[in-house]
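Geometric and topological summary
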Amino acid sequence: MSGAEVVIVGGGVTGLSAGWWLARSGVKVTVLDKGIVGWEASGRNGGGASHYQSPLFDEEHRLWPQMDELLGYPTEHQKERIIIAMTERQWEQYRFVAERHQRLGHPVDVLDVKQVQDAVPLAGDKCFGGVHYRFGGHANPQRTAQAYAWALQDLGGTINQHEAVTSFETAGGKVTAVKTAVASYGCDSVVVAAGPQTAALMAQLGIDVPLAPARAEMIITEPAPMMPIGGVDGHKLYGRQTMRGNLAYGGGPHEWIDVGEMGPAARPSTPLMRNLASRLAELLPKAAHLNVIRSWAGVIENSPDGRPIIDRLTSPDNVVIASMSGVGFGLSPASGHAIRDLVLDGACSFADISILGLSRFANLEADWRERRGWMPIA
Amino acid sequence: MELNFTGTDLCAINGTRSPAEAHYGVVVIGAGRSGTAAAIEAAKAGSSVLLVDENPVSGALMGNDVPLYFGGRMTAATQNSERMLEAIFMSAPALEQAMEAGAEVLLGTSAWGVYRNGPGVASLPDQVVGLADSARSWLVGFDRIVLATGARDLALAFPGWNQPGVMGAAALRMLLTRYDAFAGRRVLVLGSHDLALESVLLAHERGLEVAGLIEVRDAPQGSADLVAQVAAAGIAIHCGQTIASAKGGIEGVTAATLTSGEVIACDTICVAVGLVPSIELVDAMHGPRALNPARGGYIPAGGETVSAVGSCAGLADTGFDHIAYRMEWMRALAAISAPDTIICQCEEVTRADLLGVQPPNYLSRPAPMCARSLETLLEDGPPNPDQIKRLTRAGMGVCQGRRCRDQVAMLLAIAADQPFGMIPLATHRAPVRPIPLKIIADWHENEAMTAAWDVWFGIPTQWVPVQDIGTRHEGEHREMLYTGMYE
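On a predicted model such as this, the values are computed, not experimentally measured, just so you know.

A word on the overall build of chain A
Along its length, chain A carries 10 helices and 18 strands. Based on the C-alpha atoms only, the size of chain A along its principal axes is roughly 65 × 50 × 40 Å. Counting all 378 residues of chain A, 64% fall into the buried class. For chain A, contacts bridging at least 24 residues in sequence account for 73% of all contacts bridging at least 6.

Some thoughts on the overall build of chain B
Looking only at helices and strands, chain B has 17 helices and 22 strands in total. Relative to its length of 487 residues, chain B is compact, with a C-alpha radius of gyration of 26 Å against a globular reference of 23 Å. Along the first, second and third principal axes, the C-alpha atoms of chain B reach 85 × 65 × 40 Å. Counting every position in chain B, which comprises 487 residues, the buried fraction comes to 53%. Of the contacts formed within chain B by residues at least 6 apart in sequence, a portion of 68% connects residues at least 24 apart.

Thoughts on helix α1 (residues 33-44) of chain B
All names here are of chain B. For α1, built from 12 residues, the straight-helix expectation of 16 Å at 1.5 Å per residue is met to within 8% by its first-to-last C-alpha distance of 16 Å. Looking at the buried residues of α1, the elements they touch are β1 (22-29), β2 (49-52), α4 (94-100) and β6 (137-147). Of the residues trailing α1, Gly-46 is marked for its positive phi of about 100 degrees.

Here we look at the sheet that holds strand β10 (residues 209-215) of chain B
Residue and element names in this part refer to chain B. Ordered in space as β8-β15-β9-β10-β11, the five strands form an open sheet in which the pairing is parallel. Every interior strand has two partners, whereas the edge strands, β8 (166-168) and β11 (237-239), have only one. The sheet shows a mean angle of 25 degrees between the axes of neighbouring strands, direction not considered. Note that β8 and strand β15 (residues 268-271) share three bridges and pair parallel. By the bridge assignment, Gly-168 is partnered in β15 with Val-271. Across the sheet, helix α5 (residues 169-179) lies against β8 and β15, angled at about 85 degrees from β8, the strand it touches most.

Looking at helix α9 (residues 328-345) of chain A
All names here are of chain A. With 18 residues, α9 should cover 26 Å at 1.5 Å per step; its first-to-last C-alpha distance of 22 Å lies more than 12% under that length. Where α9 bends most, the angle comes to about 45 degrees, and this point is Ala-334. A positive backbone phi angle near 80 degrees is found at Gly-346, which sits one or two residues after α9.

Focus on the packing of helix α1 (residues 13-24) of chain A against α9(A)
Residue and element names in this part refer to chain A. Where α1 meets α9, the axes come as close as 7 Å, and the angle between the chain directions of the two elements is 45 degrees. In terms of axis orientation, α1 runs oblique to α9. Note on packing geometry: the crossing formed by α1 with α9 is right-handed. Taking contact as the criterion, the partners of Val-13, Thr-14, Ser-17, Ala-18, Trp-20, Trp-21 and Leu-22 in α1 are, on α9, Gly-328, Phe-329, Ser-332, Pro-333, Ser-335, Gly-336, His-337, Ile-339, Arg-340 and Val-343.

Looking at the sheet that holds strand β14 (residues 263-265) of chain B
Residue and element names in this part refer to chain B. Spatially, three strands are ordered β12-β13-β14 in an open sheet, and the strand pairing comes out antiparallel. Sheet topology places β12 (243-249) and β14 at the edges, where each strand pairs with a single neighbour. Direction aside, neighbouring strands of the sheet carry axes that sit 30 degrees apart on average. Inspection of the sheet shows strand β13 (residues 252-258) paired to β14 by three bridges, in the antiparallel sense. Bridge assignment links Ala-256 to a residue of β14, and that residue is Ile-264.

Here we look at the confidence of the model for chain B
Looking at chain B as a whole, its pLDDT mean stands at 96, while 100% of the residues score no less than 70. Listed scores for the predicted complex are pTM 0.97 and ipTM 0.97.

Examining the interface of chain A and chain B
Listed by partner, the interface residues are 75 residues for chain A and 72 residues for chain B. Broken down by class, the residue content of the side of chain A that touches chain B amounts to 34 nonpolar, 24 polar and 17 charged. Sheet analysis places strand β16 (residues 291-302) of chain A next to strand β22 (residues 435-436) of chain B, joined by two bridges and oriented antiparallel. Note on β22(B): the bridge partner recorded for Asn291(A) is Pro436(B).

What to know about unusual backbone geometry
Cis geometry is found at the peptide bond from Ser315(A) to Pro316(A), where omega equals -5 degrees. Cis geometry marks the peptide bond from Val66(B) to Pro67(B); its omega dihedral reads -5 degrees. Among the secondary structure elements, Pro67(B) is positioned in the loop between α2 (59-63) and α3 (81-91). With a phi angle near 60 degrees, His286(B) is a residue other than glycine that sits in the positive phi range.

Re the environment of Gln142(A)
The topology assignment puts Gln142(A) in helix α6 (residues 141-154). With sequence-adjacent residues up to four places away left out, Gln142(A) is seen in contact with Gly38(A), Gly43(A) and Arg390(B).

Re the pairing of β13(B)
Residues and elements named next belong to chain B. Sheet topology places β12 next to β13; six bridges connect them, and they run antiparallel. The partner of Gly-248 across the bridge, within β13, is Val-253. Here β13 folds back onto β14 in antiparallel fashion, the turn holding four residues, of which Gly-261 has a positive phi close to 100 degrees.

Some thoughts on the nonpolar core
Counting 271 residues, the largest nonpolar core has Val9(A), Ile84(A), Val191(A), Ile269(B) and Val271(B) as its most contacted members. Discounting residues that sit within four places of it in the chain, Val271(B) has contacts with Asp153(B), Leu154(B), Ala155(B), Leu156(B), Val166(B), Gly168(B), Ala169(B) and Leu190(B).

Considering the environment of Ala288(A)
Residues and elements named next belong to chain A. On the secondary structure map, Ala-288 appears in the loop between α8 (272-283) and β16. Residue classification places Ala-288 among the buried positions, given that 20 C-beta atoms sit within 10 Å. In the structure, Ala-288 is positioned 72 residues away from Ala-216 in sequence and 23 Å away in space, judged by C-alpha atoms.

The rules behind these values
- Residues numbered from 1 in each chain as written.
- Chains lettered and ligands numbered in written order.
- Predicted model: local features only at pLDDT ≥ 70, side-chain atom pairs only at ≥ 80, totals over all residues.
- Helix = DSSP H or I, 4+ residues; strand = E, 2+ residues; numbered from the N terminus.
- Buried ≥ 20, exposed ≤ 12 C-beta atoms within 10 Å, placed from the backbone.
- Contact = placed C-beta atoms within 7 Å.
- Rg over C-alpha atoms; globule rule 2.2 N^0.38 Å.
- Expected span 1.5 Å × (residues − 1).
- Pairing = 2+ DSSP bridges.
- Axes fitted to C-alpha atoms, helices over the stretch in contact; angles between N-to-C directions.
- Bend = angle between axes of the 7 residues up to and from the residue.
- Parallel < 35°, antiparallel > 145°, perpendicular 65-115°, else oblique.
- Left-handed = near helix turned anticlockwise from the far one by under 90°.
- pLDDT = per-residue confidence, 0-100.
- Nonpolar A, V, L, I, M, F, W, Y, C, P; charged D, E, K, R; others polar.
- Core = buried A, V, L, I, M, F, W, Y, C linked by C-beta atoms within 7 Å.

Written out as structure tokens, the structure is:
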């Protein structure tokens, strides 16, 4: 199918990585985005790259250390994670997770308080201990999103920004063209990786993709002295020290919202910032004097079981959908590979991703959001 | 895994937020002349009124050019917070009238965010403003909020600007008039519009030496009356030129070289090219704002519960196009500055790296990266300062872009050959003042929020390792990590 044309709907990390993988296989790729690449959840997350729960994990773990070289642009990828327990219950939970990793063959060390302080200079003595994942890592979401976009262009792919997809043309059980307000793009295959807007787009094709969007928030401090491992979190926070030294952390209650066809109307942060700050000051007490300089929010869509949906449809049979349920950034090197395989070969070559298929929701109740309490506040 | 849905997500924000600590009919942010007048008026009309002002800010914050561009030219007196408080009360007798009228007045208290329900958020129990002093932060509810946050200094980059002694006109005025705490002796002023002329007249009146004014245009720009007063004081206005560089030593500026080659000795270079309405709070709350070149920049477009008074609502409209004027300065300074001139001081981003959209020095720049630039980025879409910020870090530092955001927008406009108004305003985000973690922290968290807190969404199936699905480990995982959720 080399020389074929694939249109990708959505210039987040998932769509961009898919486009990059396809371009690496010699496919002519056009990415369409309603705004700027990586502008939504792709550029507003914690940068974690340690999704051990996923069937894509081995590929994620294999690829990240190579990404700078493969893309030709810096991603700020850094290896490993340390997770610190600040309560007895967390200590119990994190050790449970560590045992699970040992069972699954992921290298992990359990650290006592002294070892935590040695490994994490900003930590204090009030913690219960920590676990050190000698796998996984983190990267800079914003830099990585642009890196995919540039790498894709370097391979001959096209990215059209500020051009939202409005509809599809179909014929003979296939999507034959993707339409925007200004143009129609003929295609052999389509990848829809449009975040929360995926549901409304797929509804046009008669496909029900159950997704519920929610808003989540993060804060960032001024730079702290560099720690040997930046991927430090715990205390029910996620986040990292950036390579500049800033501490960027999120976590806590989310707000379910509704999102229109053009995506989130706004991404407001709220006083939840104060609750993130208290936990971060407890997690890294030697950083408690540092200034918070920004907060932000992003909108994430979740599937009913919280796992990604990556699937090639049967009808129309030239459409692959990908919605990552809040783990899209870290998995992006691998999800792009999987999507490439689905587009070109009809099956993922490196992992069994059947658990990510859309058919698992075939018997989903119509009121699945209400039942879960995933409705916007009236 | 069998989940028993109950219609409730135990990890959602619903109902978990603390209510505001206090509620006022009117909260006024900024106790300058306009803010204090607004507070007095509201109090006299019978409203419960809270008037807050961030001044005096700590010495450390002043060192970070918060809220104005002090350029390190404060005396040690600014470290004495009691003296500073007293200085504010001495310089603003209206504050006492506000208190007599019944307004509660809090100085040394910054407003770092205004929050209300709207697009993307419906979970706030009240519309609130976030406040902080040197000890703690808290939330205050309001029926109406009046923003009287003033205007901040426009900073401009030239070779040698990133050293002590280069400062802004509003900062100079504050140090001279309110605090009597200006550490310079001999001041050179950039600009010749009213702001610059008033600055030199003030400096002259306070017994400072004024080394002159530099004007990029061919003639003085301010009112004839002010120009005459400056001439009468024997102060020279060097027209048709700019500053080519500032020389300095360990204590900062010692001299300026003009484009004519003339060297002028001075310990302070006051950038008095313009003031920018301080709309951080409005923008961070997604309030409407619009560019108004005659009023100094983006100004609040108004609303029922949020209003703006004083220069935060816009500079006095004298028909002068402030944007055209500062663009002319920026163009001239960019033309004489080397590409390695720093634009963002916090993150040490040079103009070459800004316009090259290059990453910071601690990252590698392989060949494809080096081949990228603003020019290639513009092939993908119009220039956007937030996108440039993400790539170059310009504006991402602790000064929160106060020193560089206007310059970045101007340089993008110039490089993209577009009018200034075509460059989107770089996003402001709360906290609009840098506030330490331990201060902004909520140390009295609502129990409901503590109970709802999960690292992510609290979905029991979300993080079960694929190998464990359908095994006994799945249940153990849920029991250990998601107790109570959908049980």
